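Read off the chains here:
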Amino acid sequence: MSQLDQTQFDLTPDQREIQELARKFTADQITPHAAEWDEKHIFPRETIKAAAELGFAAIYVSEESGGIALGRLEAALIMEAMAYGCPSTSAFISIHNMAAWMIDRFGSQTVKDKYLPSLVTMDRIASYCLTEPGSGSDAAALKTKAVKDGNDWIVTGTKQFISGAGENDVYVTMVRTGEDGPKGVSCLVIEKDMPGVSFGANERKLGWYSQPTRQVILDGVRVPAENIVGGEGEGFRIAMMGLDGGRLNIGACSLGGAQRCLDEAIGYTRDRKQFGTRVADFQNTQFMLADMATDLEAARALLYMAAAKVTANAPDKTKFAAMAKRLATDTGSAVADRALQLHGGYGYLMDYPIERFWRDLRVHSILEGTNQIMRMIVGRELTRQ
């Protein structure tokens, strides 16, 4: 086998350096505190802002706009590394990156200058607002209305399940400016302190306790026309392009969380004895661990390939992003579940980290497009004439 064949699936030295930087940040600033954030529902704003000092708030924002201009594989490596400590916090940072990228990629110079300097440093943090109470998977049916009034848009509607709502400063929001369906959707940047912006109660969730989730309520909010991202009617296309990367990142968060669960299960079964034998020495345990590791590596390989396709703007990028998101998030939850089983009753206790990962990873197969929608995307691509 040639040298090229041996290395074509390896990370480059630069990618390994980025991965190691993210792992060290996680070990120092996330992992030691994640259980407390979960238990006490603490939003770790200072830790999140510290990630921005490493460039992790603008991973694929252009250098011209102050970002570090990396590809989607590098972003996935960072998210995977941080999720090893806390999937909830890593996913939160991913959402900010998606919103910042949308402004950089599609915004006018005016809107870039207005928001990106503070988003790159996380002096201001961004949310992404697509989902509504009546439109989840059917995102193109959104009802939030924006009506032109001189040099402003008047926006009225409600967004649902918004990560960071009430805490974050900037809301990249999909609104209806025209006809029904996807062609009538535009994208506006709305600020927390604009008159008419308010927030619902913090949702009582199964997991993701380190970040707030609320409704964003828009009641006649006057938004400058210059705050449009892309052209009128381009919002849905922008939203879907953003979700290609968002799906990779949430899949990467599942990989990182699942790897932590696997490592915890290996350590626990090595230490735990039953019937006078280490639990790790039972063939049943070894088979479970082998399947967990194999499934995880397969999901990781697909996700890394999909990330390379999104970076390269390959024609099948959306199909592969959907495949990778579906496989990585389903695998992540399955690995966490088996890790909990290997811990026995102790896995059910908050004294061990497994139950937190089990809870946090569960939502990954719902958000950024449910895994049923991922199957629809892939199936449609496969059967298209």
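Here the residue numbering is sequential within each chain, running from 1 through the sequence in written order. Side-chain atom pairs in this predicted model are given and counted only at pLDDT of 80 or more, local residue features only at pLDDT of at least 70, and totals for whole chains, interfaces and linings cover all residues. Neither water nor hydrogens contribute to the side-chain values; these are computed over all heavy atoms in the structure.

**A closer look at the overall build of the chain**
Under the scheme used here, helices are H or I runs from DSSP no shorter than 4 residues and strands are E runs no shorter than 2 residues, and both carry numbers assigned from the N terminus. Helix and strand counts for the chain stand at twelve helices and ten strands. The globule rule puts the C-alpha radius of gyration for 385 residues at 21 Å, and the 21 Å found for the chain is close to it. The dimensions of the chain, computed from C-alpha atoms along their principal axes, are 80 × 50 × 40 Å. A total of 385 residues make up the chain; the buried ones form 55% of that total. Pairs at least 24 apart in sequence give 73% of the contacts found in the chain among residues at least 6 apart. Accessible area for the chain stands at about 17000 Å²; split by element, carbon and sulfur atoms hold 51% of it. Throughout, the radius of gyration refers to the C-alpha atoms, and the reference size of a globule is 2.2 Å times the residue count to the power 0.38. Here's how the labels work: a residue is buried when its accessible area is under 20% of the maximum for its type, exposed when over 50%, partly exposed in between, all with a 1.4 Å probe on protein chains only. When checking whether two residues touch, look at their non-hydrogen atoms; a contact exists if any pair is within 4.5 Å. Under the convention used here, a 1.4 Å probe and the Shrake-Rupley method define accessible areas, while residue burial counts only the protein chains that appear.

**Examining the nonpolar core**
Formed by 114 residues in total, the largest nonpolar core has its most connected members in Ile103, Tyr128, Val155, Met174, Ile190 and Leu303. When residues in this core are grouped by element, the largest group, 13 residues, is from helix α8 (residues 235–271). Filtering out sequence-adjacent residues up to four positions away, Ile190 remains in contact with Val155, Asp169, Val170, Tyr171, Thr173, Val197, Leu218, Val221 and Val223. In these notes, a set of buried Ala, Val, Leu, Ile, Met, Phe, Trp, Tyr and Cys residues joined through side-chain atoms within 4.5 Å is what counts as a nonpolar core.

**A look at the pairing of strand β7 (residues 213–224)**
Alignment of strand β3 (residues 152–163) against β7, held across nine bridges, turns out to be antiparallel. The partner of Ile162 across the bridge, within β7, is Arg214. Any two strands between which DSSP finds at least two bridges are classified as paired. Across three bridges, the pairing between strand β6 (residues 197–199) and β7 is antiparallel. Looking across to β7, one finds that Ser198 is bridged to Ile217.

**Describing the packing of helix α5 (residues 72–83) against α8**
Two quantities define a packed helix pair, namely the angle between the axes and the distance from one axis to the other. Note on geometry: axes are lines fitted to C-alpha atoms, helical ones only across the stretch in contact, with angles between N-to-C directions running from 0 to 180 degrees. Between α5 and α8, whose axes approach to 7 Å, the crossing angle comes to 35°. With respect to the hand of their crossing, α5 and α8 are arranged in right-handed fashion. Across from Arg72, Ala75, Ala76, Met79, Glu80 and Ala83 in α5, the residues of α8 making contact are Gly245, Leu248, Asn249, Ala252, Cys253, Leu255, Gly256 and Gly257. Its residues assigned to classes, the contact of α5 with α8 comprises eight nonpolar, four polar and two charged. Note on convention: near helix rotated counterclockwise from far helix by under a right angle means a left-handed crossing. Clockwise means right-handed. Any residue outside Ala, Val, Leu, Ile, Met, Phe, Trp, Tyr, Cys, Pro, Asp, Glu, Lys and Arg is labelled polar, Gly included; the first ten of those are nonpolar and the last four are charged.

**Quick look at helix α10 (residues 317–342)**
Between the first and last residue of a helix there are one fewer steps than residues, each counted as 1.5 Å, and that sum is the expected span. Counted at 1.5 Å a residue, the expected span for α10 with its 26 residues is 38 Å, and the 37 Å between its end C-alpha atoms agrees. Immediately beyond the C-terminal end of α10, within one or two residues, lies Gly344, with a positive phi of roughly 60°.

**Quick look at unusual backbone geometry**
Positioned with a positive phi, Ala69 is a non-glycine residue whose angle comes to about 50°. Positionally, Ala69 belongs in the loop between α4 (45–52) and α5. In this structure Ala69 comes out as partly exposed when scored by relative accessible area, which is 39%.

**Here we look at the pattern of salt bridges**
A pairing counts as a salt bridge when a side-chain nitrogen of Lys or Arg comes within 4 Å of a carboxyl oxygen of Asp or Glu. Here the structure, examined in full by the defined rule, presents 20 salt bridges. One connected set of salt bridges, linked through shared partners, spans Asp38, Glu355 and Arg359.

**A short note on the side chain of Glu355**
Here Glu355 is to be found in helix α11 (residues 354–362). Overall, the relative accessible area of 11% leaves Glu355 in the buried class. A polar contact of 2.8 Å, which involves the side chain of Glu355, links it to the side chain of Arg359. When sequence neighbours within four positions are dropped, the list of residues in contact with Glu355 reads Leu340, Gly347, Tyr348, Leu349 and Met350. What qualifies as a polar contact is a pair of N or O atoms within 3.5 Å, subject to a donor-acceptor requirement within protein and to the restriction that residues adjacent in sequence count only when both atoms come from side chains.

**Thoughts on the state of the cysteines**
We call a pair of cysteine sulfur atoms a disulfide whenever their separation is within 2.5 Å. For the structure on display, the rule yields zero disulfides. Its sulfur unpaired, Cys86 is 9.4 Å from the next cysteine sulfur, which belongs to Cys253. Overall, the relative accessible area of 2% leaves Cys86 in the buried class.

**Details of the packing of aromatic side chains**
Stacked, tilted and edge-to-face pairs are distinguished by plane angle, under 30 degrees for stacked and over 60 for edge-to-face with tilted covering the rest, among Phe, Tyr and Trp rings (Trp via its six-membered ring) whose centres lie within 6.5 Å. Tallied over the full model, the rule gives six aromatic pairs. When the centroid spacing of 5.6 Å and the interplanar angle of 40° are considered together, the rings of Tyr171 and Phe199 count as tilted. Of the two residues, Tyr171 sits in strand β4 (residues 170–176) while Phe199 sits in strand β6, which places them 28 residues apart along the sequence. Ring geometry for Tyr346 and Tyr352: centres 5.8 Å apart, planes at 55°, overall tilted. Overall, the relative accessible area of 28% leaves Tyr352 in the partly exposed class. Put simply, the rings of Tyr268, Tyr346 and Tyr352 touch in pairs and so form one group of aromatic residues.

**Overview of α11**
Three- or four-residue spacings in an α-helix give side chains the same orientation, since the helix completes a turn every 3.6 residues. A large share of α11 lies buried, amounting to seven of its nine residues. Within α11, burial applies to Ile354, Glu355, Arg356, Phe357, Arg359, Asp360 and Leu361. Looking at the buried residues of α11, the elements they touch are α3 (34–40), α5, α6 (87–106), α8 and α10.

**Digging into the environment of Gly164**
Considering the arrangement of structural elements, one finds Gly164 in the loop between β3 and β4. For Gly164, a relative accessible area of 0% gives the class buried. Each C-alpha atom of the pair Gly164 and Thr110 lies 25 Å from the other, and the pair is 54 residues apart in sequence. In this structure Gly164 touches Phe92, Ser127, Tyr171, Gln211 and Pro212, once residues within four positions along its chain are discounted.

**Description of the packing of helix α2 (residues 13–30) against α5**
Interhelical geometry of α2 versus α5 gives an angle of 25° and a closest axis separation of 8 Å. Judged on the interaxial angle alone, α5 and α2 are roughly parallel. For α2 against α5, the interelement crossing comes out right-handed. Contacts from Gln15, Ile18, Gln19, Ala22, Arg23, Phe25, Thr26 and Ile30 in α2 reach Leu73, Glu74, Leu77, Ile78, Ala81 and Met82 in α5. Of the residues belonging to the contact of α2 with α5, the class tally is nine nonpolar, three polar and two charged. Throughout, the term roughly parallel applies to angles under 35 degrees, roughly antiparallel to angles over 145, roughly perpendicular to angles from 65 to 115, and oblique to all others.

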